[in-house]
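Given next are the chains, with one letter for each unit.
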Amino acid sequence: MNLLEIKNLKAKIGDTEILHGIDLTINRGEVHAIMGPNGSGKSTLSYVLSGRDGYEVTEGEILLDGESVLDMEADERARAGMFLAFQYPVELPGVGGMSFLRAAVNARLREKGEDEVDQLAFVKMVRAKAKDLGVGDEMLKRAVNVGFSGGEKKRYEILQMALLEPTMAVLDETDSGLDVDALRIVSEGVNALRGDTRGMLVITHYQRLLSHIVPDYVHILAGGRIIKSGDKSLALEVENNGYAGIIDAA
Amino acid sequence: MQPNLLRDTANLCIQARQAFDANGLPAAKNEAWIYTRLQDVTVNPSFAGDETSDNESGVLTFAAGWLQSGAQNLPTSVTVSEMTDDSVLAEFAAHLPEDHFLGSLSLGHATGAYLIEVPANAKLDTPLQLVFNGGDEGESSHPLLFIKVGAGAQFQMAEIHSGTASLSAPVIVVEAGAGAVIDHVKLQAEDATATHLALSIFAVAEKADINSFTAAIGSRLGRHETHAHLNGEEIEMALSSLYLGRDKQHQDITTRMLHHMPNCTSNQIIRGVLDDTAKGVFQGKVLVARDAQKTDGQQMSRALLLSRQAEADAKPELEIYADDVVCSHGATVGELDETHLFYLKSRGIAEDDAKNMLIEAFLIDALEQVRHDTLAEILSHAVHGWMAEGA
């Protein structure tokens, strides 16, 4: 069965239709990239997939493991295996990082019918995964994303992904605001999570992320439609010729 | 048979009752009661006896305003006695603001009246718990408490109100001696039918360090009016609060921080969370007298509305007669941030749990004011209980 199936998806914000009919199928083990110029609907697609309020699906279908997610709230989708790494991770003053991570992990475990993890075991588990991502103890003790640099916020997103072990991960502009070193660390973190059980959708404006996280498929999103699909060489075409040529040709 | 009750024998009480009968409830134009209008209160003081017996150490229990148990089992050096002596009662009453509705009401209808004394330099580290069960529906309770904490003493107390009384109206005076260190948490968790009208006075001497916190969670209508008189220099006074309301609850926190002397610091952090059609009121006045130079007076109130029908009113006031002071106040009213909620939900956290995490985060600045562990636990337990009821 396909992991994620997006069929003729149309969505609007308020009265403005942003997505004009998107078709995309992702299987387990595949990494797809969606590239597109600003305003093409990339972030809208990520929010529609994750179930953010205010984004109304007017037509089409989103199936995760064959089940429609359209009637599911954002939290239900997350527990069903959907994960969104935010372009701009949200600061939550007063919400302790560890209790946040634990609440998220336990919610996912409960959904899977597994036992919740106790505090001690959880701290061990977080520390081990955090170390690989260069997330130090000091960061873990702080309130969620509060006082984190841009790079730290992105690493913290990937840490959450590593802890939640989603089946379908959507990474929205994960490269934005990262310097070369941070980009490498984050990409390594993402690559470590690639595998047969998981699909990924990497949304980006630039090709540079895709030389670190090498996709199996590349799709060009423009004007709320996928206008071209190909393999990783399509990303290089964008890098060399810009979006204009592809959009004009479509 | 009822014995001779204080309210019928002490001149001060009789006069106060006459004043209450003459003046009645605060008039509609009374500025201090603009946001909290009292249509009607049940004044029916009961007599629950004052049989005292032993119970858990460090817990004084009161029913309908009468001490029931605990007097024999107090922490070392703390004593409790009835305020039958006219001179003690006069000393107590002298701390009350003149012509104050709540003072007249409860002095005039006093149920139990007790003096708690903590001698100078006594060092306690376990809070004394004052547990008030307001009494039955249709009854009112009017406990008077005079708490004298001697110079240099360290004292902690939890004041816990519960029950179904139609009105509980405690009047409490805390006299803090020079250099005393006092931690106080008041938890008002009465039944949703109750009315709670409280007047608390802190009379503070030099170099004392007072940390008082009020949590208004229960009752249908609650008014917590606290006056802090900083009567000496170098006092540190924290007077913080939280109020939580849902359904038709009305919570009113009113404070008067009175800097009479120089070089004192006061800090007030107020947080309110209101759901449904609940209403919250914060009125806070910081008064700095002409002589109170080098005063540092801070006050910040924030309210979080969980429903469009909830209402928060804030009336912060600074009245400053000195010229070398640092004072500030601020008040905000807001709602939960949709982006915060979405972030939590996108991690699989259910909406109610996510909301509660954000409510707790909102309250944390206030909750962290409480510095004694046991008192913080009492408070935390009550706040979590409130959130669990809403989920």
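Fair warning: this is a prediction, and the values are worked out from it, not measured in the lab.

S.K.: With reference to specific residues and values, describe the sheet that holds strand β21 (residues 326-335) of chain B.
M.R.: Backbone hydrogen bonds are what pair the strands of a sheet, in a parallel or an antiparallel way. Residue and element names in this part refer to chain B. The sheet built from 10 strands is open, its strands ordered β2-β1-β5-β8-β11-β13-β15-β17-β19-β21 with mixed pairing. Because the sheet does not close on itself, it has two edges, and the strands there are β2 (66-69) and β21. Within this sheet the neighbouring strands show an average axis-to-axis angle of 15°, counted without direction. As defined by bridge partners, strand β1 (residues 59-63) adjoins β2 across three bridges and the pair is classed as antiparallel. Bridging from a neighbouring strand, phenylalanine 62 pairs with leucine 67 of β2. Together, β15 (236-245), β17 (265-274) and β19 (296-305) form the strand contacts of helix α6 (residues 351-367), whose direction differs from that of β17 by roughly 160°. Along the sheet, helix α7 (residues 373-390) contacts β8 (154-162), β11 (181-188), β13 (209-216) and β15; its crossing angle with β11, the most-contacted strand, is approximately 20°.

S.K.: Describe in detail the pairing of strand β9 (residues 168-172) of chain A, supporting the description with residues and values.
M.R.: All names here are of chain A. The element β9 is largely enclosed, with a buried count of five among its five residues. The side-chain alternation of β9 yields two buried faces, one formed by Met168, Val170 and Asp172 and the other by Ala169 and Leu171. Relative to β9, strand β6 (residues 82-85) runs parallel, the two being bridged by four bridges. From the neighbouring strand, methionine 82 faces β9, where its bridge partner is methionine 168. As judged from the five bridges shared by β9 and strand β10 (residues 199-204), these two strands associate in the parallel manner. When the sheet's bridge partners are listed, aspartate 172 is paired in β10 with isoleucine 203. Regarding topology, helix α7 (residues 180-192) serves as the crossover connection from β9 to the parallel β10, and that connection is right-handed.

S.K.: Give me the nonpolar core: which residues, what numbers.
M.R.: One finds Phe83 of chain A together with Ala176, Val204, Met237 and Leu379 of chain B to be the most contacted residues of the largest nonpolar core, which totals 192 residues. The biggest single contributor to this core is α6 of chain B, with eight residues. Each residue touching methionine 237 of chain B, except ones within four places of it in the same chain, is listed here: Val204, Ile210, Ala228, Leu230, Met257, Cys264 and Ser266 of chain B.

S.K.: Tell me what's going on with the pairing of β8 of chain B, and back it up with residues and numbers.
M.R.: All names here are of chain B. The element β8 is largely enclosed, with a buried count of seven among its nine residues. Across six bridges, the pairing between strand β5 (residues 128-133) and β8 is parallel. Bridge pairing in β8 places leucine 130 opposite glutamate 159. As paired strands, β8 and β11 are joined by eight bridges and run parallel to one another. Bridge pairing in β11 links alanine 158 to valine 185.

S.K.: Break down the interface of chain B and chain A for me, with residues and values.
M.R.: Counting residues at the interface gives 17 residues for chain B, matched by 20 residues for chain A. Looking at the side of chain B that touches chain A, its residues break down into eight nonpolar, four polar and five charged.

S.K.: Go over the packing of helix α3 (residues 97-111) of chain A against helix α6 (residues 150-164) of chain A with me, naming the residues and quoting the values.
M.R.: All names here are of chain A. Direction vectors running N to C along α3 and α6 enclose 30°, while the axes themselves pass 10 Å from each other. The angle between the axes of α3 and α6 places the two elements in the roughly parallel class. With respect to the hand of their crossing, α3 and α6 are arranged in right-handed fashion. Seen from α3, the contacting residues are Leu101, Ala104, Val105 and Arg108; seen from α6, they are Gln160, Leu163 and Leu164. Of the residues in the contact of α3 with α6, the class split is five nonpolar, one polar and one charged.

S.K.: Hey, could you go over helix α4 (residues 119-132) of chain A for me, with residue numbers and the actual values?
M.R.: Here α4 of chain A is 14 residues long and its end C-alpha atoms lie 21 Å apart, about the 20 Å a rise of 1.5 Å per residue gives. Trailing α4 of chain A by a residue or two, glycine 134 of chain A shows a phi angle of about 65°, which is positive.

S.K.: Give me the confidence of the model for chain B: which residues, what numbers.
M.R.: Any segment with low pLDDT has predicted coordinates that should not be analysed in fine detail. Taken as a whole, chain B shows an average pLDDT of 93; of its residues, 97% reach a score of 70 or greater. What the predictor reports for the complex is a pTM of 0.93 with an ipTM of 0.96.

S.K.: Now, about the sheet that holds β9 of chain A: what can you tell me, with residues and values included?
M.R.: Residue and element names in this part refer to chain A. If you walk across this open sheet you meet the six strands as β6-β9-β10-β3-β11-β12, and the pairing is mixed. Only two strands of the sheet have a single neighbouring strand rather than two, namely β6 and β12 (225-230). Direction aside, neighbouring strands of the sheet carry axes that sit 20° apart on average. Looking at chain direction, strand β3 (residues 31-35) and β10 are connected through five bridges and run parallel.

S.K.: Describe the environment of proline 45 of chain B, naming the residues involved and giving the relevant values.
M.R.: All names here are of chain B. Looking at the element boundaries, proline 45 is found in the loop between α2 (11-23) and β1. Owing to 21 C-beta atoms within 10 Å, proline 45 belongs among the buried residues under this scheme. Placed 66 residues apart in sequence, proline 45 and threonine 111 show a C-alpha to C-alpha distance of 6.6 Å. Once you skip the residues sitting within four places of it in the chain, proline 45 turns out to touch His109, Thr111, Ser140, Ser141 and His142.

S.K.: Outline the environment of leucine 144 of chain B, supporting the account with residue identities and numerical values.
M.R.: Residue and element names in this part refer to chain B. Tracing the backbone through its elements, the reader meets leucine 144 in strand β7 (residues 144-149). Between the C-alpha atoms of leucine 144 and valine 288, which are 144 residues apart in sequence, the distance is 29 Å. Residues in contact with leucine 144, not counting those within four places in the same chain, are Met83, Phe92, Ser106, Leu107, Ala110, Ala113 and Val171.

S.K.: I'd love a proper account of unusual backbone geometry, names of residues and values included.
M.R.: Most peptide bonds take the trans configuration, and most residues that are not glycine carry a negative phi. Residue and element names in this part refer to chain B. Positive phi, close to 70°, is recorded for serine 219, a residue that is not glycine. Here serine 219 lies in the loop between β13 and β14 (221-230). Here glutamate 234, not a glycine, exhibits a phi torsion of approximately 55°, which is positive.

S.K.: Lay out the packing of α4 of chain A against α6 of chain A in plain terms, naming residues and giving numbers.
M.R.: Residues and elements named next belong to chain A. Packing of α4 against α6 brings their axes to within 10 Å, and their N-to-C directions diverge by 130°. Considering the angle they form, α4 stands oblique to α6. By crossing handedness, the relation of α4 to α6 is classed as right-handed. Facing α4, whose interface residues are Val126, Lys129 and Ala130, α6 presents Leu159, Ala162 and Leu163. Across the contact of α4 with α6, the residue classes tally to five nonpolar, no polar and one charged.

Definitions and cut-offs
- Residues numbered from 1 in each chain as written.
- Chains lettered and ligands numbered in written order.
- Predicted model: local features only at pLDDT ≥ 70, side-chain atom pairs only at ≥ 80, totals over all residues.
- Pairing = 2+ DSSP bridges.
- Helix = DSSP H or I, 4+ residues; strand = E, 2+ residues; numbered from the N terminus.
- Axes fitted to C-alpha atoms, helices over the stretch in contact; angles between N-to-C directions.
- Contact = placed C-beta atoms within 7 Å.
- Buried ≥ 20, exposed ≤ 12 C-beta atoms within 10 Å, placed from the backbone.
- Right-handed = clockwise from strand over helix to strand, strands pointing away.
- Core = buried A, V, L, I, M, F, W, Y, C linked by C-beta atoms within 7 Å.
- Nonpolar A, V, L, I, M, F, W, Y, C, P; charged D, E, K, R; others polar.
- Parallel < 35°, antiparallel > 145°, perpendicular 65-115°, else oblique.
- Left-handed = near helix turned anticlockwise from the far one by under 90°.
- Expected span 1.5 Å × (residues − 1).
- pLDDT = per-residue confidence, 0-100.

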